Amino acid sequence: MKNEKRSLIVATFFAVFLFVITYQVIMGAVRNPYSDYLGHAENAELLLQSGLGPVLKEIGYPFWAFLVAGIMKLSGAPAYEASAIAGGLLNAFTYVLVFSYLAKECKEERLGIAALTWFLLLVGPFYIPWYNPDVYNGQVTPNIWHNPTTICVRPFAFLAFLLILRVLKEYEEEQKKLSAKTWLLLAACLVLCNLAKPSFVQIAVPGLAVYLLILLIRTRGKAFGFCFQTASAFVPCVCVMLWQMIVSFGTSSSAEGGIEIAWFDVMGASSPSIPFSMLLGYLFPLYIILTNLRIMKERDMQVTFFMWFAGFLEAAALAETGYRRYHGNFGWGYVLATFLVYVMTFRYFLKRNREYDYQNLKDRILVLGGWVIFALQLFIGIYYISTFFIPVG
């Protein structure tokens, strides 16, 4: 009990510390005239000045604008500072959710997990300066700092993801179907994800559809009722997404062009070699999977993989036809899926770290290799974060 209280105190410290870091990063980012934060801050100002109608014509995912506008009204802070506060709160919330999940999965190591979760949320892609001069562009990363709506959707996406895993586990292990309460909770969580940014739903729908199809085949149709119930929970968020497409390609002042299939055009624009860039971006999870292929038999990893693959296909195949073509807007689901891949493989790595045979030299080397790669990507992530820092005031 004493250890649990201590771990909660340490976790609170790291959540506050992550808030401070995020606040400073955003305060630095908003000084860049090309920053994503500036346009979204303008939407918050528009909401306060003109009300809901003009904002809903301008942006289909207004959650960030509502949050920033609320902070502006409560604190009197200008839009850019309210953005920094909002980003800090959302990243701290993400930390709390990931820490709670990992601590539940690895109960004996709560104190260490408080620190390790914080490190996980700072990790960046592997970086080779002479291959690609920018840490982020070209290499996918689990942690985004420059895009407010991705920061906004991430905690709600993780909540929805955990809820999906729980629903599948209860059915497959306990033959429990969705209760009305669980259905409403999942549907509401998915709609909330959409209002923050539709990217998670764009990977969850096809990814989960593949898993449910396999489940139907495996059970010879006996799971049809459960699959239908689960799929129906996605209907509200898909309806919201249709409205969001109308806004993005119709009513918004930034609307231009449409969508086309252009394999690897956008993805390859900032990468000298897509396969090598993917290796750099996924070095840690690839190492964990390749040194323990059995984890791919686990239900949680299969769901994660199907969502990741859906995100990869979307990023690789789709492009906007207007001036936003190389903004990479069809890549945000891929980024969120990357975050899920890192969290899930880190969970398995922590379990292996606790259970491996210390007397076995091969096991010791494999575990040490995982820590070395993780430490290198953590160092690169911290370096990337440092590039945003501009002293406040």
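Check the entry above for the structure.
Residues numbered from 1 in each chain as written. Predicted model: local features only at pLDDT ≥ 70, side-chain atom pairs only at ≥ 80, totals over all residues. Heavy atoms only, no water.

**So, the layout of surface pockets**
Note the threshold: Residues are called lining when one of their atoms sits within 4 Å of a cavity or pocket point, these points coming from a 1 Å grid over the protein atoms alone, where a cavity is a set in which a 1.4 Å probe fits but cannot get out and a pocket is an open set with protein on both sides within 12 Å along at least five of seven lines. Grid points are joined across faces, edges and corners, and a volume is the space filled by probe spheres set on the points. Runs of H or I in DSSP of at least four residues are treated as helices and runs of E of at least two as strands, each being numbered from the N terminus.
Roughly 650 Å³ of volume is contained in the second largest pocket. Around the second largest pocket, the lining is made up of 22 residues, and of these Tyr 101, Lys 104, Glu 105, Leu 162 and Arg 166 lie nearest the centre. Elements with a minimum of two residues in the lining of the second largest pocket: α5 (79–105), α7 (148–174), α8 (180–196), α15 (299–317) and α16 (332–355). Broken down by element, the lining of the second largest pocket gets its largest block of residues, nine residues, from α7.

**Things to note about empty space enclosed by the protein**
Our working rule: Here the nonpolar group is Ala, Val, Leu, Ile, Met, Phe, Trp, Tyr, Cys and Pro; Asp, Glu, Lys and Arg are the charged ones; every other residue, Gly included, is treated as polar.
Scanning the model with the defined rule gives two cavities of 30 Å³ or more in all. What the largest cavity holds in volume is close to 60 Å³. What lines the largest cavity is simply Tyr 287, Ile 288, Thr 291, Asn 292, Ile 295, Tyr 348, Phe 349, Arg 352, Leu 366 and Val 367. Breaking the lining of the largest cavity down by element, the ones donating at least two residues are α14 (283–290), α16 and α17 (361–386). Each residue belonging to the lining of the largest cavity can be placed in one class, and the counts come to seven nonpolar, two polar and one charged. In this structure, the second largest cavity occupies an estimated 40 Å³ of space. Forming the boundary of the second largest cavity are Pro 142, Ile 144, Thr 150, Ile 151, Arg 154, Val 335, Leu 336 and Phe 339. Listing elements by their share of the lining of the second largest cavity, those giving two or more residues are α7 and α16.

**A closer look at the packing of helix α9 (residues 199–218) against α15**
The cut-off we apply is this: Fitting a line to C-alpha atoms yields each axis, with helices limited to the stretch in contact; the angle taken between N-to-C directions then spans 0 to 180 degrees. Just so you know how the angles are binned, under 35 degrees is roughly parallel, over 145 roughly antiparallel, 65 to 115 roughly perpendicular, and the rest oblique. Crossings are classed by handedness, with left-handed meaning an anticlockwise turn of the near helix from the far one by less than a right angle and right-handed meaning a clockwise turn. Residue contacts are counted whenever heavy atoms from the two residues lie within 4.5 Å of one another.
It is at 8 Å that the axes of α9 and α15 come closest, and there the two elements cross at 130°. In terms of axis orientation, α9 runs oblique to α15. Viewed along their axes, α9 and α15 form a crossing whose handedness is right-handed. Of the residues in α15, those in contact with Phe 200, Gln 202, Ile 203, Ala 204, Pro 206, Gly 207, Val 210, Tyr 211 and Ile 214 of α9 are Arg 299, Gln 302, Val 303, Phe 306, Met 307, Ala 310, Gly 311 and Glu 314. Its residues placed into classes, the contact of α9 with α15 shows eleven nonpolar, four polar and two charged.

**Topic: a nonpolar patch on the surface**
As a reminder, the rule being used: Each patch is built from residues lacking any salt bridge and having more than 30% relative accessible area; the joining distance is 9 Å for like charges and 5 Å for nonpolar side chains (Val, Leu, Ile, Met, Phe, Trp, Tyr). With residues, only the protein chains shown are counted as cover, and all accessible areas are computed by Shrake-Rupley using a 1.4 Å probe. We count a salt bridge whenever a side-chain nitrogen from Lys or Arg sits within 4 Å of a carboxyl oxygen from Asp or Glu. We call a residue buried when its accessible area falls under 20% of the maximum for its residue type, exposed when it is over 50%, and partly exposed in between, using a 1.4 Å probe and counting protein chains only.
Together, Ile 261, Trp 263, Phe 264, Phe 305, Phe 309 and Leu 313 give the surface a local cluster of nonpolar side chains, amounting to about 590 Å² of exposed area. The greatest single-element share of the nonpolar patch, amounting to three residues, is contributed by α15. Relative to the helices and strands, Trp 263 resides in the loop between β1 (259–261) and α12 (265–269). Residue classification places Trp 263 among the exposed residues on the basis of a relative accessible area of 51%.

**So, the environment of Ile 295**
Tracing the backbone shows Ile 295 in the loop between α14 and α15. Exposure remark for Ile 295: the relative accessible area of 4% places this residue in the buried category. Here the alpha-carbon distance between Ile 295 and Thr 345, two residues 50 residues apart in the chain, equals 8.8 Å. Ignoring any residue separated from it by four or fewer positions in sequence, one finds Ile 295 in contact with Ile 288, Ile 289, Met 301 and Tyr 348.

Keep in mind that these numbers describe shape and distance, not what the molecule does.
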